[in-house]
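# Inside the fold
One-letter residues, chain by chain:
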Amino acid sequence: MFDVVFNGAFIVDGLGSDPFRADVAILGGEIAAIGHDLGSSREIVDIDGLHLVPGFVDIHGHSELRAMVDPGLYPKLLQGYTTELGGNCGVGLAPVRHEGRVDLAKEVSGILGLGPQDWPWSSFPELLDHLGSMNFGLDLGLLVPHGPLRRFVMGERSCQSATAEDLSQMAMLLDQAIEAGAFGLSTGLFYDPCCYCDGRELEALFSVVAARGGLVSVHQRSEGDGILDSLEEILSPAERTGARLQISHLKIGGRRNAHKLEAVLGRIGSAVDSGVDVAFDQYPYSAGSTSLYSLLPPRWMGLDFSLLRRSLCDKVDRSIIKEEMENPDGWDGVHSLVGWGGIYLTSAQREEHRPYLGKSLEEIGRMRGEDPFDSFFYLLSEEGKALTMIDFITSDEMVEGIMAHPLQMFGTDGLYSPCPHPRTFGCSYRVLGDYVKGGKLSLPEAVNKLSSRPATRMGLSDRGTIQVGKKADLVALDMDAMANMADYGHPDRIGEGIPFVWVGGKLSVRDKTVVGLGGRLLRR
Ligand SMILES: [Zn+2]
């Protein structure tokens with residue numbers, strides 16, 4: 001006797017096969033049979049005419065803090081995500097010293113959102129234990145974030161090169177974290193303090209992950225002018241150490257760099273040919289989103305905030321920073337790629353700054369009657385590091401060019417800023433509602449890129465496809481009704497066309513409502 005039989009759906013198995021009509025039986029949270037006339041069951045669910053697909057796996061998430069205050073993680077679960085790999089971009093919650101918790105909480109709030117007041121962890125294994133005591137809407141695995149790791153070991157020296165002693169300490173803590181269940185390492189070479197690391201440090205950390213068979217996920221130093229050098233910077237340690245490399249949200253920023261797509265994909269292809277285990281994720285939008293602070297040149301980003309604040313208010317320093325931002329040399333100057341008209345403010349804590357939310361820096365400059373650079377310096381000096389932005393850095397053609405590649409898979413990179421990028425609530429609806437219904441991707445291909453590929457990349461062999469013996473993480477799709485509703489003006493609107501989600505066979509979403517918490521912390 002089965003627990004549940006789903007009757008009459010078109011099955012999209014996640015492997016890329018054409019949809020076929022069959023019933024699916026669940027027993028003990030697993031798929032027990034697929035076929036016709038499967039026999040008796042305690043419950044029959046008639047989903048005639050709907051598509052049944054494997055639960056989506058978000059290989060690029062940032063939900064670890066949000067999960068503590070919204071365990072259902074509805075922004076993800078309502079999109080059909082049943083597994084997430086969090087801790088990406090080198091940003092995260094551990095390790096952290098007791099006295100550093102308030103600062104870290106403030107710093108990550110634009111990306112990870114607001115969490116509980118109390119942080120009862122210091123080390124990464126303690127963070128895993130804390131999350132391990134909770135239930136969530138979906139399964140949540142974590143990468144060890146390079147930023148906090150570096151700051152924990154190097155303290156005030158974290159804007160310098162690491163010493164041999166620093167490297168061995170970081171390596172030891174990383175190894176302990178992976179042993180405790182982390183999936184690998186993430187770094188954000190574009191961000192402070194990861195941007196101060198050199199090739200030696202990358203190689204040391206990649207080797208630890210390689211020895212444990214984990215994944216290294218990298219937000220590259222440059223996604224614009226310097227993208228080819230950036231690619232080299234991470235492919236060579238991956239090649240030398242054998243680490244499995246996941247390039248985060250692959251894109252090429254700035255119109256002037258669009259011609260580099262072929263060279264970038266070619267270089268990744270040649271790395272594969274020479275034996276590097278590399279793939280990449282992508283959010284299907286032409287705009288990115290990150291901290292406003294990351295627009296600063298690295299040497300200013302690394303200053304202690306009280307010192308930086310003084311410079312941001314100083315006329316002479318302002319003109320030096322402006323000059324460097326207009327002519328970036330060896331770093332990714334997002335402002336120089338898109339201009340102030342392409343950068344929109346998406347968070348502000350101070351009441352008097354709320355009218356600027358959703359406005360471009362160009363508009364904000366006009367509202368304040370000043371150069372947008374001065375508005376940028378003013379806002380940073382008043383609000384600190386937590387401010388976030390949306391930047392229109394690439395084009396739909398670029399998004400589609402990358403999406404078509406066989407090494408591509410989707411990831412949301414969902415941030416929890418107050419006025420988020422629509423990818424947080426809408427990524428899978430965008431794929432299914434816009435790209436599949438718009439004829440740019442077939443449904444089997446899209447499901448493969450949303451489920452099976454990221455699951456395999458995470459090393460999870462128990463999910464990602466509809467096959468006997470796999471975990472019963474399942475999503476019902478109504479492709480007639482399927483529509484993406486989230487856009488830049490309404491980023492948190494939930495799409496149409498995902499009526500049910502089951503996590504481990506447990507009904508978890510019905511009518512756009514979280515009705516079950518079938519997920520838990522995943523340890524690798
Ligand atoms: Zn990210």
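Bear in mind that the values here come from a model prediction, so they are computed numbers and not experimental data.

Okay, the layout of surface pockets next. Considering only enclosed or pocket space, the largest pocket measures out at about 1,200 Å³ in volume. Together, 42 residues line the largest pocket, and Asp-103, Leu-104, Glu-107, Arg-151 and Lys-385 are the ones closest to its centre. Among the secondary structure elements, those contributing two or more residues to the lining of the largest pocket are α3 (101-112) and α5 (146-154). Residue contributions to the lining of the largest pocket peak at seven residues, all from α3. By residue class, the composition of the lining of the largest pocket is 19 nonpolar, twelve polar and eleven charged. Here the lining of the largest pocket spans two domains, since at least three of its residues come from each of domain 2 (158-247 + 250-282) and domain 3 (296-390). Its volume calculated, the second largest pocket comes out at about 300 Å³. In the lining of the second largest pocket, the residues fall into six nonpolar, six polar and three charged.

A sheet is described by the order of its strands in space; here three strands give the open sequence β6-β7-β8, paired in parallel fashion. On the outer flanks of this sheet lie β6 (56-58) and β8 (139-142), each paired with one strand and no other. Each neighbouring strand pair of the sheet contributes to a mean axis angle of 15°, computed without reference to strand direction. Two strands pair when backbone bridges link them, and strand β7 (residues 81-86) and β8 are joined in this way by four bridges, in the parallel orientation.

Now for the pattern of salt bridges. Taken as a whole and judged by the stated rule, the model has 38 salt bridges. For the salt bridge of Asp-48 with Arg-21, the shortest nitrogen-to-oxygen distance reads 2.4 Å. Of the two residues, Asp-48 is situated in the loop between β4 (41-46) and β5 (51-54) and Arg-21 in strand β2 (residues 20-27); the sequence distance between them amounts to 27 residues. For Arg-21, a relative accessible area of 41% corresponds to the partly exposed category. A salt bridge links Lys-471 to Asp-139, with the shortest nitrogen-to-oxygen separation between them at 3.2 Å. Of this pair, Lys-471 sits in the loop between α18 (443-458) and β18 (474-477) while Asp-139 sits in strand β8, and the two are 332 residues apart along the sequence. Note on accessibility: Lys-471 and Asp-139 belong to one class, buried. Here the salt bridges share partners, and the residues they tie into one network are Asp-139, Asp-462, Arg-463, Lys-471 and Asp-473.

A few words on the UniProt feature "domain: Amidohydrolase" (unreviewed entry) in the protein. According to UniProt, the feature "domain: Amidohydrolase" (unreviewed entry) maps to residues 43-254 and 398-507 in the numbering used here. Taken end to end, residues 43-254 comprises 39% helix and 17% strand; its first and last C-alpha atoms sit 54 Å apart. Here residues 398-507 runs as 33% helix and 12% strand, with 38 Å between its end C-alpha atoms.

With that settled, consider the packing of aromatic side chains. Geometry of an aromatic ring pair is reported as the spacing of the ring centres plus the angle between the planes. Summed over the entire model, instances satisfying the criterion amount to twelve aromatic pairs. With a centroid separation of 5.2 Å and 40° between ring planes, the pair formed by Trp-340 and Phe-376 is classed as tilted. Of this pair, Trp-340 sits in the loop between α13 (334-338) and β15 (343-345) while Phe-376 is found in helix α15 (residues 372-383), placing the two residues 36 residues apart along the sequence. The residues Trp-340 and Phe-376 share a single accessibility class, namely buried. Here the aromatic cluster, defined as three or more aromatic residues joined through ring pairs, consists of Trp-340, Phe-373, Phe-376 and Phe-377. Over the face of the ring belonging to Phe-152 we find Arg-97, whose NZ or CZ atom lies 4.0 Å from the ring centre. Here the basic side chain of Arg-430 rests over the ring of Tyr-285, its NZ or CZ set 5.2 Å away from the ring centre.

The next point concerns the sheet that holds strand β13 (residues 278-282). Taken in spatial order, the six strands make up an open sheet running β9-β10-β11-β12-β13-β17, and their pairing is parallel. In the strand order of this sheet, the two ends are held by β9 (144-145) and β17 (408-410), each with one partner. Judged from the three bridges that link them, strand β12 (residues 244-247) and β13 form a sheet pairing that is parallel. Following the sheet pairing, Gln-246 is matched in β13 by Ala-279.

Below, the discussion takes up the packing of helix α7 (residues 199-212) against helix α8 (residues 227-241). Remark: α7 packs on α8, axes separated minimally by 9 Å, with the N-to-C direction vectors making an angle of 45°. It follows that α7 is oblique to α8 by the angle criterion. Considering only the axes of α7 and α8, their crossing is right-handed. Listed contacts from α8 to Leu-202, Glu-203, Phe-206, Ser-207 and Ala-210 of α7 are Glu-233, Ile-234, Pro-237, Ala-238, Arg-240 and Thr-241. Partitioning the contact of α7 with α8 into residue classes produces six nonpolar, two polar and three charged.

It is at 10 Å that the axes of α5 and helix α6 (residues 164-179) come closest, and there the two elements cross at 130°. Taken together, the axes of α5 and α6 are oblique relative to one another. For the pair α5 and α6, the crossing hand works out as right-handed. Of the residues in α6, those touching α5 at His-146, Leu-149, Arg-150, Phe-152, Val-153 and Met-154 are Asp-166, Gln-169, Met-170, Leu-173 and Leu-174.

On to the environment of Ser-186. Inspection of the secondary structure assignment puts Ser-186 in strand β10 (residues 184-188). With 61 residues separating them along the chain, Ser-186 and Ile-247 place their C-alpha atoms 9.9 Å apart. Excluding residues that lie within four positions of it along the chain, Ser-186 makes contacts with Gly-87, Asn-88, Cys-89, Gly-90, Val-91, Leu-143, Val-144, Pro-145, His-146 and Ser-217. A distance of 2.6 Å separates a polar atom in the side chain of Ser-186 from the backbone oxygen of Gly-87.

The rules behind each value
Note that residues are indexed from 1 along each chain, following the sequence as it is written. Given that the model is predicted, a residue must reach a pLDDT of at least 70 before its local features are reported, and side-chain atom pairs must reach 80 or more before they are shown or counted; all residues, however, enter totals for whole chains, interfaces and linings. Working from all heavy atoms in the structure, the side-chain values ignore hydrogens and water. Using a grid of 1 Å spacing that covers the protein atoms alone, one calls a set of points a cavity when a 1.4 Å probe fits there but cannot get out, and a pocket when the set is open and has protein on both sides within 12 Å along at least five of seven lines; lining residues are those with an atom within 4 Å of a point. Grid points are joined across faces, edges and corners, and a volume is the space filled by probe spheres set on the points. Helical segments are the DSSP runs of H or I of at least four residues, strand segments are the runs of E of at least two, and each set is numbered from the N terminus. Under the grouping applied here, Gly and all other residues not named as nonpolar or charged are polar, the nonpolar ones being Ala, Val, Leu, Ile, Met, Phe, Trp, Tyr, Cys and Pro and the charged ones Asp, Glu, Lys and Arg. Residue ranges for the domains trace back to a domain assignment, done automatically or taken from a database. DSSP calls a pair of strands paired once it identifies at least 2 bridges connecting them. Axis lines are fitted to C-alpha atoms, over the contacting stretch for helices. Their N-to-C directions set the angle, which ranges from 0 to 180 degrees. Salt bridges are defined by distance alone: a side-chain nitrogen of Lys or Arg within 4 Å of a carboxyl oxygen of Asp or Glu. For each residue, the accessible area found with a 1.4 Å probe, counting protein chains only, is set against the maximum for its type, and the residue is called buried under 20%, exposed over 50%, and partly exposed in between. UniProt positions are given in the numbering used here, feature names are shortened, and annotations may be inferred rather than shown by experiment. Only the six-membered ring of Trp is used, alongside the rings of Phe and Tyr, when aromatic pairs are assigned; centres must lie within 6.5 Å, and planes under 30 degrees apart are stacked while those over 60 apart are edge-to-face, with the rest tilted. For a Lys NZ or an Arg CZ to count as sitting over a ring, it must be within 6 Å of the ring centre and within 35 degrees of the ring normal. Any angle that is under 35 degrees is reported as roughly parallel, and any over 145 degrees as roughly antiparallel; angles of 65 to 115 degrees are reported as roughly perpendicular and all others as oblique. In this scheme the handedness of a crossing depends on how the near helix is turned from the far one: anticlockwise by less than a right angle means left-handed, clockwise means right-handed. We call two residues in contact whenever any of their non-hydrogen atoms come within 4.5 Å of each other. Polar contact criterion, stated in full: a pair of N or O atoms within 3.5 Å, where within protein one must be able to donate a hydrogen and the other to accept it, and residues adjacent in sequence count only if both atoms are side-chain atoms.

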